[in-house]
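# Working through the structure, step by step
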Amino acid sequence: MRTDLPRRAAYEAVAAVHRDGAYANLVLPAILRDMRLYGRDAAFATELTYGALRHEGTLDLIVGAAAGREVARIDPPARDALRLGAYQLLHTRVPAHAAVSATVDLVRSVAPGATGFANAVLREIGTQDLDAWIAKVAPPYDKDPTAYLAVADSHPQWIVRAFNEALGSDLDETTRLLIEDNQRPPVHLCARPGRVDAVELADEVGGAPGAFSPYAVYLPGGAPGDLAAVVEGRAHVQDEGSQLVAAALVNASLDGPDARWLDLCAGPGGKAGLLGALAVERGAEVTAVEVAEHRARLVSQATRGLPVTVLHQDGREELPEPAYDRVLVDAPCTGLGSLRRRPESRWRRQPSDLPPLTRLQRELLGAAFRAVRPGGLVAYVTCSPHLVETHVTVTEAARRSGLPVDLVDARPFLPAGMPGLGAGPTVQLWPHRHGTDAMFLALLRRG
Ligand SMILES: C[S@@+](CC[C@H](N)C(=O)[O-])C[C@H]1O[C@@H](n2cnc3c(N)ncnc32)[C@H](O)[C@@H]1O
């Protein structure tokens, strides 16, 4: 019985994602705690949950082909169990007989009427390996490369197209990105400047200093929230790319006063935490704006003890005392640059999410242009590489603002010698190039 608990946990997590719209990274830890699964069992349940969700689009095509009917016509409990079974058969080293019998046992308890059907479908899937199935269910690469990659590397085709466009139509590089998106991302810590040094922190937590950000530490595993450095506010969990873009705003050359910084989209406070720590060193103060009340509270918690004032308001509304020296707009976006961290999100996101988001992005960036003093700097950041959320938003917001704003080359304000930064003036980081989320940065100076 014990050996099947991890599969049961994975099933509960996948079912909650589909049934309740849950997020796997939030619901799974709670399920593991309730079921008292630790160590290898927890790792196996996590691998199954994340793997089945990431590869869902392709698994569904294979399950559908093996079943002789579309997965949409299979009842949800049997469907989720079959996804987990197919994942074990095609992506893990679990022996085929164990994958089939454990999945059939699971189906017996969640969808008793579908036991025989599930058995037949899984046996059919087990007759071929993943490559053979992909050759069967994907369109030929030569006919439609992005449609092929969408199936082979399990991403919706509109996302593959958007990545390919942002990568200059380099299909080989797009493929490398898609493959990287299907890996488990490492956990990065940010060693808060003035509180702990990255080398010291790496030593303390058994990690390694980051490749690029002077504040980054790569964690080997474990629960970062339990680390003394995190509990004591010397460090926080933050992707290295997020550290780099926030630090670039602070490092960019600026004439005149440099004491008032603004973070216009601050929740939950990762970048505000780093800006606040840097503000102590530079004698500056930070105003952090956040529209969602609970997220504004998280910003207050994340910046405790730092010179950060949190304002709970819409960043598009007039601020009490504008004329800031440096402004960060870490805009709400599709999050297509951090698909590694949210296994289900690629299937939830839709192209129709773009128009309302890009409108909000333009309005927030327009508000930043009004809030920065003449000569001051604005950093526009997204964790999406979609060109409509990056270049188009920047160009349109600048055009519509009626204010004199010019792009500044952001590359010199990233660590010296950092590879793969392109031709400028904006910067696009990538998981497959830099090991970071796909953060975009545009630096603009108001004339
Ligand atoms: C990408 S997140 C920011 C992440 C944050 N900078 C960090 O590093 O932790 C975008 C944030 O903008 C907030 N937001 C959305 N619309 C807003 C608005 N009109 N004014 C201010 N904040 C807004 C969202 O609630 C969300 O917390």
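Procedures and definitions
- Residues numbered from 1 in each chain as written.
- Predicted model: local features only at pLDDT ≥ 70, side-chain atom pairs only at ≥ 80, totals over all residues.
- Heavy atoms only, no water.
- UniProt positions renumbered as here; feature names shortened; annotations may be inferred.
- Helix = DSSP H or I, 4+ residues; strand = E, 2+ residues; numbered from the N terminus.
- Rg over C-alpha atoms; globule rule 2.2 N^0.38 Å.
- Buried < 20%, exposed > 50% of the residue type's maximum accessible area, 1.4 Å probe, protein only.
- Lys, Arg positive; Asp, Glu negative; His and termini not counted.
- Charge placed at Lys NZ, Arg CZ, Asp CG, Glu CD.
- Polar contact = N/O pair within 3.5 Å; in protein donor to acceptor, adjacent residues only side chain to side chain.
- Contact = heavy atoms within 4.5 Å.
- Near = heavy atom within 4 Å.
- Areas by Shrake-Rupley, 256 points an atom, 1.4 Å probe, with all protein chains shown as cover.
- Nonpolar A, V, L, I, M, F, W, Y, C, P; charged D, E, K, R; others polar.
- Core = buried A, V, L, I, M, F, W, Y, C linked by side-chain atoms within 4.5 Å.

The name given to the chain in an unreviewed UniProt entry is Putative Fmu protein (SUN protein), and the organism recorded there is Phytohabitans flavus. UniProt annotates the chain under Function (unreviewed entry) with the comment "May act as RNA methyltransferase." Checking UniProt for the chain, the heading Sequence similarities (unreviewed entry) contains the comment "Belongs to the class I-like SAM-binding methyltransferase superfamily. RsmB/NOP family."

### Re the overall build of the chain
Helix and strand counts for the chain come out as 20 helices and twelve strands. Against the globule reference of 22 Å for 447 residues, the chain gives a C-alpha radius of gyration of 23 Å, in line with a compact fold. When the backbone C-alpha atoms are referred to their principal axes, the chain occupies close to 75 × 50 × 40 Å. Residues counted as buried form 55% of the 447 residues belonging to the chain. Put simply, the chain has 47 plus and 53 minus side-chain charges, and the middle of one group is 3 Å from the middle of the other.

### Things to note about the side chain of Gln 238
Within the secondary structure layout, Gln 238 lies in the loop between strand 4 (235-237) and helix 14 (240-251). At 3.0 Å, the side chain of Gln 238 and the side chain of His 236 are in polar contact. If sequence neighbours within four positions are ignored, Gln 238 has contacts with His 188, Leu 189, Cys 190, Gln 243, Gly 270, Lys 271 and Leu 274.

### Details of the environment of Pro 224
By the element assignment, Pro 224 lies in the loop between strand 3 (216-219) and helix 13 (228-231). For the pair formed by Pro 224 and Asp 131, sequence separation is 93 residues and the distance between their alpha carbons is 36 Å. Dropping the residues within four chain positions of it, Pro 224 is found in contact with Val 187, Leu 189, Leu 219, Val 230 and Val 237.

### Observations regarding the UniProt feature "domain: SAM-dependent MTase RsmB/NOP-type" (unreviewed entry) in the chain
Mapped onto the present numbering, the UniProt feature "domain: SAM-dependent MTase RsmB/NOP-type" (unreviewed entry) falls on residues 163-447. The span residues 163-447 shows a helical share of 35% and a strand share of 21%, and its end C-alpha atoms are spaced 33 Å apart.

### Comments concerning the site of the ligand
Near the ligand there are 20 residues, and of these Gly 270, Glu 290, Arg 295, Gly 315 and Asp 330 occur at the shortest range. In this structure, an oxygen atom belonging to the ligand sits 3.0 Å away from a main-chain N or O atom of Lys 271. Between a nitrogen atom of the ligand and a main-chain N or O atom of Gly 315, the distance comes to 2.8 Å. Look at the ligand: alone it shows 600 Å² of surface, and the protein chains cover 86% of it. Listing elements by their share of the shell around the ligand, those giving two or more residues are helix 15 (270-282) and helix 18 (354-371). Considered class by class, the residues forming the shell around the ligand number nine nonpolar, five polar and six charged.

### So, the UniProt feature "active site" (unreviewed entry) in the chain
In this structure's numbering, the residues bearing the UniProt feature "active site" (unreviewed entry) are Cys 383. Within the secondary structure, Cys 383 sits in the loop between strand 9 (372-382) and helix 19 (391-401). Among the residues examined, Cys 383 registers a relative accessible area of 19% and is labelled buried. For Cys 383, the contacting residues outside a window of four places in its chain are Cys 333, Gly 335, Leu 336, Gly 337, Ser 338, Ala 438 and Met 439.

### Here's the deal with the nonpolar core
Membership of the largest hydrophobic core comes to 55 residues, with the highest contact counts inside it found for Val 63, Leu 90 and Ile 125. Contributions of two or more residues to this core are made by helix 1 (5-20), helix 2 (24-34), helix 3 (39-54), helix 4 (56-67), helix 5 (76-91), helix 6 (96-110), helix 7 (115-125) and helix 8 (130-137). Discounting chain neighbours no more than four positions away, the residues touching Ile 125 are Ile 62, Val 63, Ala 66, Ala 86, Leu 89, Leu 90 and Trp 133. Formed by 43 residues, the second largest nonpolar core is a distinct cluster that contains Ala 252, Ala 279, Val 308 and Leu 328.

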